[in-house]
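Analysis of the macromolecular model
Each chain, written out:
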Amino acid sequence: MRLHELSIQRPVLATVMSIVIVVFGIIGMRELGVREFPAAERPIIAVQSAYPGANAAVVESQITENLEEELNTVSGIRTMRSISREGLSTVTVEFDLGDDLERAANDIRDRVGSAMRRLPSDAEAPTVSKADADGDPIVFLSVRSDQRSLLELSALADNLFKTRFETISGVGQVDIWGYREYAMRLWLDPDAMAAHQVTAMEVREAFRAANVELPTGRIEGDSIDLNIRTLGRLNDDTEQFDNRVIKREGDNVVRFRDVGFAEIGPLNERTLLRRDGITMVGVVLRPQSGANEIAITNEFYRRLEIIKQDLPDDVDVAIGFDDSQFIRASIREVVQTLFLALLLVCGTIFAFLREWRTAIIPIITIPISLIGTFFILYLAGFSINILTLLGMVLAIGLVVDDAIVVVENIYKRIERGDAPKIAGADGVKEIFFAVIATTLALTAVFAPLIFLGGLTGVLFREFGVTLAAAVIISSFIALTLTPMLCAKLLKNRPQAPAFHRRTEPFFVALSDNYRRSLQGFLRHSSWTPLILLACLGVIIAIYTTLPEELAPLEDRSMLIVQAKGPEGAGFDYMYDAMGTYGETVQEAVGESVEAVFTVTSPGFGASMTTNTGFSRIVLKNPDEREQSQTEVAAELTRALVKTPEIQTFVRQIPTINVGSFGLPVQFVVQHTDVAKIREMIPQFMERAREHPALGFVDVNLVFNQPELVLDIDRERADTLGVSVREISDTVQASFSGQRYGYFLRDGEQFEIIGQMDREGRNAPGDLSRLLVRSGDGSMIPIDNLVSIREQSTAPVLYRFNRFPAATFSAALAEGAALADGIQAMREIAAEVLDDTYATELAGESREFADTGNSLVFVFGLALVLIYLVLAAQFESFRDPLSIMLTVPMAITGGLITLWYFGQTLNIFSQIGLIMLIGLVTKNGILIVEFANQRRDSGLSIAEAVEEAAAARFRPILMTTLSTVLGTLPIALALGAGSQSRVPLGLAVIGGMLLGSFLSLYIVPAAYRLFANPDR
């Protein structure tokens, strides 16, 4: 007894099997996490090491290169990027997709530990974080007070907020924008030091000797032990510092107040955060690679409510931005699309079947299949995200197909007078093979997505599994529950219901007209190759001209602006320039803006130098403004051109986060000699700015940072008994802001920073005021031992995969796509660079190039797999050819629709095109399988295929419209985040309409040509 026969004989068993599917689906739904996209971010580990006072070249040679050499031995590294800037080295290691983040972090920590012995002794120990230092934060909390200084606000943000948010699962790093840490600033007066014959080195050593706390043992008595603690650490009393003895000669005592003064001040004075012009600090959370952002923000808000209970009355906190709000809105939109698609499909089914008993049977299939899919997602370790929900939206039109075919075939037998049970058993038996064939065909299309690697594989593995699971479950329901319900609900009646009788002439006429048109087409079957050739021509013409990109941009109500002042510009210059920038933003696009955050000299990521600025512009919700995000960005870009004080570029957040920070086109040029890179940059930049496909163009490596070089006269220094180390130490202790030690404040440890006061380091000539002690104890001006010259150098040095590199970044010109920008960069490289240079793509450009190659492979593999599956099922290599001819016709329809509506080729549209392979071959399977059955009953090839096409016309029409209407809400872009999914919907709708229409004629004609006459 076959499965469908068993279900008809035992209806309770069939019902229980469906209920079990629903129960386990609900269990899976409750356990699944929620996020925007599948975890597509590659594991990224950042290693940072500070070396105060060292310039970029010193940091690169003494820290960055040593770290890179050790880290390079870690397995699974995809790229290694490093940034060496004044006082700081950052090495960012990106691993292959699928690598375990914890394993990667542990391996990195082990190698960093091995590298420690090779780093300078006065450099700070490297820190390892499981987040990209340049990555985008997901939530921002502003903290302000009218009664507290920025130092006090920073301490409160650090102790009250940062420490609690750092322990949230999935958080990689918590930063405080505008942060000013407490420090004891020791300001040295060079004239007073010269008068008292004191050097900066002696001041430093005096404080180090007077500020120490060492383990001092214990007293071991007969009955008790007492630990000994020597309190040698200085506290936050500035009097202690001012009274510190620096030098004693007999009765002559020189205290620190004689050569300078101490004050509590910020460790870094050169950074500032403003919201709409108001100064404050901000707490931002950066997620670990692949972390669940919704889960992070849920816990963030829970902890924030607890923190607010302990918050002083004068401190105000407010959410600046929260990326999870867009994610939540996008998921809500997909859920609404799901229900809308369900209503449209149900309406379509009823319109064709025209009787509630008949219509309710395939409709029941939808919720059972979709709910059961959640359990499969749970077993696979996936999540509820936009792509899995999108798969369910598309599945609505697919899961009813098998049930529709089964119901329609059983209903016809009942109309002919068969008993419901007999009609159910014989009706399913007749189309059993076709149902299995269509299910396997659809599954074969999604199989390549499941096994695909890289970004495409991670993104669409869950999408493919969702569709495949829903289709397989629906097939099971169609062969168990559906025939049982038909046997129970459908009855032999003398006449159909009134509505059915009134509308039946329309459907009969539709079928008769199709049959007559098919007969006419088959008489002129020579048109078939012409139609196929025309389709191939259209495919080639449109595919080669459609613009390409990774994914369409979505309106996330957020813009990011990077600003850069002239090289060498100081904090005061950037403070004024960023203030002017904020005013320009309000004047240009103020009606669309919710808030403007500006950070002057940020001190994080790639914006570490003083002449940089950073801004986030939070826009009003799309329904509260007239302009789209893209229009606001374009208008703002035009307005900012008129601010000559700073160079800016406006960036929109990409739809799919690929861990890149910057413009979409990123082209890396490498060479073993940084001088060769410096030599080619001007010519490359000139060509790039002239290229019509590129808009704003920038390069990260510049050589116009003013620098003073001290050339030591070694012979004279040796003669006077002064070592090179003493000269270097004196300059370092005077100008670098070196740490002299630590002091205690409220039980916490903070840095003591020594430095010449502002008047003592205001001009190059101030170097002559430095004194160094000679071998005989006399004081010598340092300019007697060195010669001073000026030169320009790179404020920041970059390396990519261990080689010196420069990255050319570009925005796209209006009308240009990402593929055009990449091709433009490659053309320029071919003209400008010789064979000694190497080039790479980075960021979004790299992912786009990898993804494009992957999808071409997937498309080809899907065609091969579906052909092999059909050949195995039909036991013929000829019958599948008739079915496979539907593919070019569907692809033609999909591409025409994309071209007509001005869409691009991207991940979403290409996945839609791949889906069409399975969707349209399903129609061909129904015709060919039924034709084979008719031939087995004695009809000729021509009679069998004509009879099969006419008999399957209504089911094909019904399933096609169900798929189209189920996909329609996706193409309409009805809510937040829907813009990126429009190409998928358009490709499926256009392909299904044209492909299904042509397949009704081409498949019968091809069957007559390819069918085996000896069957």
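Cut-offs applied
- Residues numbered from 1 in each chain as written.
- Predicted model: local features only at pLDDT ≥ 70, side-chain atom pairs only at ≥ 80, totals over all residues.
- Heavy atoms only, no water.
- UniProt positions renumbered as here; feature names shortened; annotations may be inferred.
- Axes fitted to C-alpha atoms, helices over the stretch in contact; angles between N-to-C directions.
- Helix = DSSP H or I, 4+ residues; strand = E, 2+ residues; numbered from the N terminus.
- Parallel < 35°, antiparallel > 145°, perpendicular 65-115°, else oblique.
- Left-handed = near helix turned anticlockwise from the far one by under 90°.
- Contact = heavy atoms within 4.5 Å.
- Buried < 20%, exposed > 50% of the residue type's maximum accessible area, 1.4 Å probe, protein only.
- Expected span 1.5 Å × (residues − 1).
- Bend = angle between axes of the 7 residues up to and from the residue.
- Polar contact = N/O pair within 3.5 Å; in protein donor to acceptor, adjacent residues only side chain to side chain.
- 1 Å grid on protein atoms, 1.4 Å probe; cavity = no way out; pocket = protein on both sides within 12 Å on 5 of 7 lines; lining within 4 Å.
- Points joined across faces, edges and corners; volume = space filled by probe spheres on them.
- Nonpolar A, V, L, I, M, F, W, Y, C, P; charged D, E, K, R; others polar.
- Domains from an automatic or database assignment.
- Core = buried A, V, L, I, M, F, W, Y, C linked by side-chain atoms within 4.5 Å.

Looking at an unreviewed UniProt entry, the chain carries the name Acriflavin resistance protein, with the source organism given as Kineobactrum sediminis. UniProt, in the comment section headed Subcellular location (unreviewed entry), describes the chain in these words: "Cell inner membrane".

Moving on: the packing of helix H21 (residues 674-690) against helix H24 (residues 818-832). Two numbers describe how H21 lies on H24: the axes approach to 10 Å, and their chain directions differ by 140 degrees. The pairing of H21 with H24 is recorded here as oblique in orientation. With respect to the hand of their crossing, H21 and H24 are arranged in right-handed fashion. Two secondary-structure elements touch here, H21 through Met-680, Gln-683, Phe-684, Arg-687 and Ala-688 and H24 through Met-825, Ile-828, Ala-829, Glu-831 and Val-832.

The next thing to look at is the environment of Gln-791. By secondary structure assignment, the location of Gln-791 is in strand E27 (residues 786-793). Taking the relative accessible area as the measure of exposure, Gln-791 reaches 34% and is therefore partly exposed. Sequence separation between Gln-791 and Ile-539 is 252 residues; the distance between their C-alpha atoms is 58 Å. Ignoring anything within four residues of it in the chain, the contact list for Gln-791 reads Gln-705, Pro-706, Glu-707 and Val-709.

Next up on the list: helix H28 (residues 907-936). End to end, H28 covers 44 Å across 30 residues, agreeing with the expected 44 Å (1.5 Å per residue, within 8%). Its axis deflected by about 25 degrees at Leu-916, H28 carries its strongest bend there. Within H28, 28 of the 30 residues are buried, which leaves it mostly tucked inside the rest of the structure. Between a side-chain oxygen at the N-terminus of H28 and the backbone nitrogen of Phe-908 the separation is 2.9 Å; the capping residue is Asn-906. Looking one or two residues beyond H28, the residue adopting positive phi is Gly-938, at roughly 115 degrees.

So, about the layout of surface pockets. Its boundaries defined by the atoms lining it, the second largest pocket holds a volume of some 1,600 Å³. Around the second largest pocket, the lining is made up of 47 residues, and of these Leu-553, Thr-630, Gln-652, Leu-812 and Ala-813 lie nearest the centre. Of all elements in the fold, only helix H20 (629-640), strand E19 (647-652), strand E21 (694-699) and strand E29 (803-812) reach the threshold of two or more residues within the lining of the second largest pocket. Per-element tally for the lining of the second largest pocket: the top contributor is H20, with 8 residues. Across the lining of the second largest pocket, the residue classes tally to 23 nonpolar, 16 polar and 8 charged. The residues that make up the lining of the second largest pocket include at least three from each of domain 3 (502-554 + 843-1014) and domain 4 (555-567 + 586-645).

Once that is clear, we can look at the nonpolar core. With 180 residues, the main nonpolar core has Phe-463, Met-680, Ile-681, Phe-684, Leu-701, Phe-808 and Leu-895 as its most contacted residues. At 19 residues, helix H13 (residues 386-415) tops the list of elements feeding residues into this core. With residues near it in sequence (within four places) discarded, Leu-895 still touches Ile-539, Ile-542, Tyr-543, Leu-546, Leu-905 and Leu-913. One finds Leu-234, Phe-241, Tyr-740 and Ile-780 within the second-largest nonpolar core, a separate group that totals 35 residues.

All right, on to the packing of helix H11 (residues 323-353) against helix H12 (residues 356-380) then. Contact geometry of H11 with H12 gives a least axis separation of 8 Å together with a crossing angle of 155 degrees. On the basis of their axis angle, the class for H11 and H12 is roughly antiparallel. At the point where H11 passes H12, the crossing takes the right-handed sense. Residues Leu-338, Leu-342, Val-345, Cys-346, Ile-349, Phe-350 and Leu-353 of H11 pack against Trp-356, Thr-358, Ala-359, Pro-362, Ile-363, Ile-366 and Leu-370 of H12. Across the contact of H11 with H12, the residue classes tally to 13 nonpolar, 1 polar and no charged.

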